[in-house]
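The residues making up each chain are set out below.
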Amino acid sequence: MKFFHTADWHLGKLIQNVYMTEDQRYILDQFMRDIEEERPDAVVIAGDLYDRAVPPTEAVGLLDRTLQRIVLELATPVIAISGNHDSPSRLNFGSGLMKAAGLHMAGEFDPSTGPVVLRDADGPVHFHLVPFADPAAVRLALRDETIRSYDGAMAAIADRIRGAMDPEARHVLVGHAFVTPRGESEPNTSDSERPLSIGGTEHVSAAHFRGFHYTALGHLHQAHFVGSETVRYAGSPLKYSISEERHQKGYLIVQMDGTGGVSVEKRALVPRRDMRTVTGYIEEIERQAPSEDYIYVRLLDEQPVLSPMERVRSVYPNAMHVERELAMQQVAASSEEGIAPGGKAGMDMLTLFRAFYLEAKGGEASDETERLFLAALRDIEKEEDERHVAGTADDDGVRAV
């Protein structure tokens, strides 16, 4: 049996005030062309179809058209679960009616639901759907008061599935979790994926997936396997933050033989626009070849640059962020030295004022002009402090000290 493993579409994603819907449409059109050419037996989507519980209308329409194309026009079954960004009840709506058409959607965790069974020439393959659910929901559904963590919840779910497995079938678990080799804490490689919980209790051990011929996971945005090559993340189909700049995006083609042995091929998807970092001096950047990519700029200029985004966008119209390398180094150094965030505010503002004065007047500000600027800055800070103190007065008129 051959199936495509994908996850973390995050339809409706907003990055730096830019909706990614058209980029997502472009990449999903590419994905559907691959389905049409490869003719897989199924498509598995391991959670986070949407980026938020209440997605924008355009995202809903895009998912509707995509599933209609895959399931109805290409006659390819889709097996999907909800992720931590999705609304389980919304994805669950109408799932019973859609099964007959070939869309198997598990929004809410329900232990009474059996596997999705597909068949090939070698017999049945059971897909066990485990949508994202917090430990409290799993504890209530399984009536097991010992479940207190994501790891404990997945252990209980996997044990329950294994206890009812058909030994003659091949078995695939579809889940959405933060899986590490032994359930140990590991950093996420993407800033765009929010944590499932606070304090490291979100991690799940890969050992719980023993006995499954393949485990199709979603949640982490970089494609990789965990512990075993049969426990895999497909990753997201697009870069959703600059922290994913070096990720190779795409999906996985899984081939399963009659004994349950699997081979996995990573298939790349080419985005409409790449997301990457450009580092250099502003004058160098202004001389570079124009590009439509999503650009994050790190300026090497030691002096502040006036209107940096406008100047950068003359070359990179889709630039998303501009920062000064020196400023970032100063912030990092201040943090390491324990300097309060506002400790160097006066000096930073003076440097900015000097650069502004030089560009506006064509010459350097005199010492007297700089003294007047700093005096005005101190007056503003004093007024802000007085307003803050006044705002802390309680109902009896006693001010906080």
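Residues numbered from 1 in each chain as written. Predicted model: local features only at pLDDT ≥ 70, side-chain atom pairs only at ≥ 80, totals over all residues. Heavy atoms only, no water.

A.B. asks: Break down the pairing of strand β19 (residues 321-324) for me, citing the residues and quoting the values.
C.D. replies: Pairing between strand β18 (residues 294-299) and β19: four bridges, direction parallel. Across the sheet, residue Tyr 296 finds its bridge partner in β19, namely His 321. Read from β18 through helix α8 (residues 308-313) to β19, the crossover connection turns out right-handed. (Pairing = 2+ DSSP bridges. Helix = DSSP H or I, 4+ residues; strand = E, 2+ residues; numbered from the N terminus. Right-handed = clockwise from strand over helix to strand, strands pointing away.)

A.B. asks: How would you sum up the pattern of salt bridges? Please name residues and give values.
C.D. replies: Summed over all chains, the structure comprises 20 salt bridges. In this structure, the salt-bridge partner of Asp 159 is Arg 162, at a minimum N-O distance of 2.6 Å. Here Asp 159 pairs with Arg 162, and both are found in helix α6 (residues 150-163), just three residues apart, close to one helical turn. Between Glu 229 and Arg 232 there is a salt bridge whose closest N-O contact spans 3.9 Å. The network of salt bridges with shared partners includes Lys 2, Glu 38, Glu 265 and Arg 267. (Salt bridge = Lys/Arg side-chain N within 4 Å of Asp/Glu carboxyl O.)

A.B. asks: Can you lay out unusual backbone geometry for me, pointing to particular residues and giving the numbers?
C.D. replies: Phi is mostly negative for residues that are not glycine, and the peptide bonds are mostly trans. Of note in this structure, Asp 48 is not a glycine but carries a positive phi near 55°. In this structure, Asp 48 sits in the loop between β4 (42-46) and α2 (57-73). You can call Asp 48 buried: its relative accessible area is 0%. Of note, Ser 307 is a non-glycine position whose phi angle comes to about 50°, a positive value. Mapped onto the elements, Ser 307 comes out in the loop between β18 and α8. (Buried < 20%, exposed > 50% of the residue type's maximum accessible area, 1.4 Å probe, protein only.)

A.B. asks: Now, about the packing of aromatic side chains: what can you tell me, with residues and values included?
C.D. replies: Applying the stated criterion across every chain, the model contains seven aromatic pairs. Arranged with centres 5.9 Å apart and planes meeting at 50°, the rings of Phe 4 and Phe 31 form a pair that is tilted. Of the two residues, Phe 4 is situated in strand β1 (residues 2-6) and Phe 31 in helix α1 (residues 21-38); the sequence distance between them amounts to 27 residues. Here Phe 4 and Phe 31 have matching classes, each one buried. Between Phe 132 and Tyr 150, the ring centres sit 5.9 Å apart and the planes meet at 20°, which makes this aromatic pair stacked. A residue pair is termed long-range when its members are at least 10 positions apart, and Phe 132 in the loop between β8 (123-130) and α5 (135-142) and Tyr 150 in helix α6 qualify at 18 residues. Accessibility assignment for this pair places Phe 132 and Tyr 150 in one class, buried. Put simply, the rings of Phe 4, Trp 9, Phe 31 and Tyr 251 pair up and form one aromatic cluster. (Phe/Tyr/Trp six-rings, centres within 6.5 Å; stacked < 30°, edge-to-face > 60°.)

A.B. asks: Mind laying out α6, listing which residues take part and the relevant values?
C.D. replies: Taking 1.5 Å per residue as the helical rise, α6 with its 14 residues ought to reach 20 Å, and the 20 Å between its terminal C-alpha atoms agrees with that figure. Among the residues of α6, those classed as buried are Tyr 150, Ala 153, Met 154, Ala 155, Ala 156, Ile 157, Ala 158 and Ile 161. For α6, the elements touching its buried residues are β8, α5, β9 (170-176) and β11 (203-205). (Expected span 1.5 Å × (residues − 1). Contact = heavy atoms within 4.5 Å.)

A.B. asks: An account of the sheet that holds β19 is requested, with residue identities and associated values reported.
C.D. replies: Across the sheet, which stays open at both edges, the three strands sit in the order β17-β18-β19 with parallel pairing between neighbours. Looking at the sheet topology across the chains shown, the edges are occupied by β17 (275-280) and β19. Pairwise comparison of adjacent strand axes, ignoring direction, gives a mean angle of 20° for this sheet. Relative to β18, β17 runs parallel, the two sharing six bridges. Counted as the bridge partner of Arg 276 is Ile 295 from β18. (Axes fitted to C-alpha atoms, helices over the stretch in contact; angles between N-to-C directions.)

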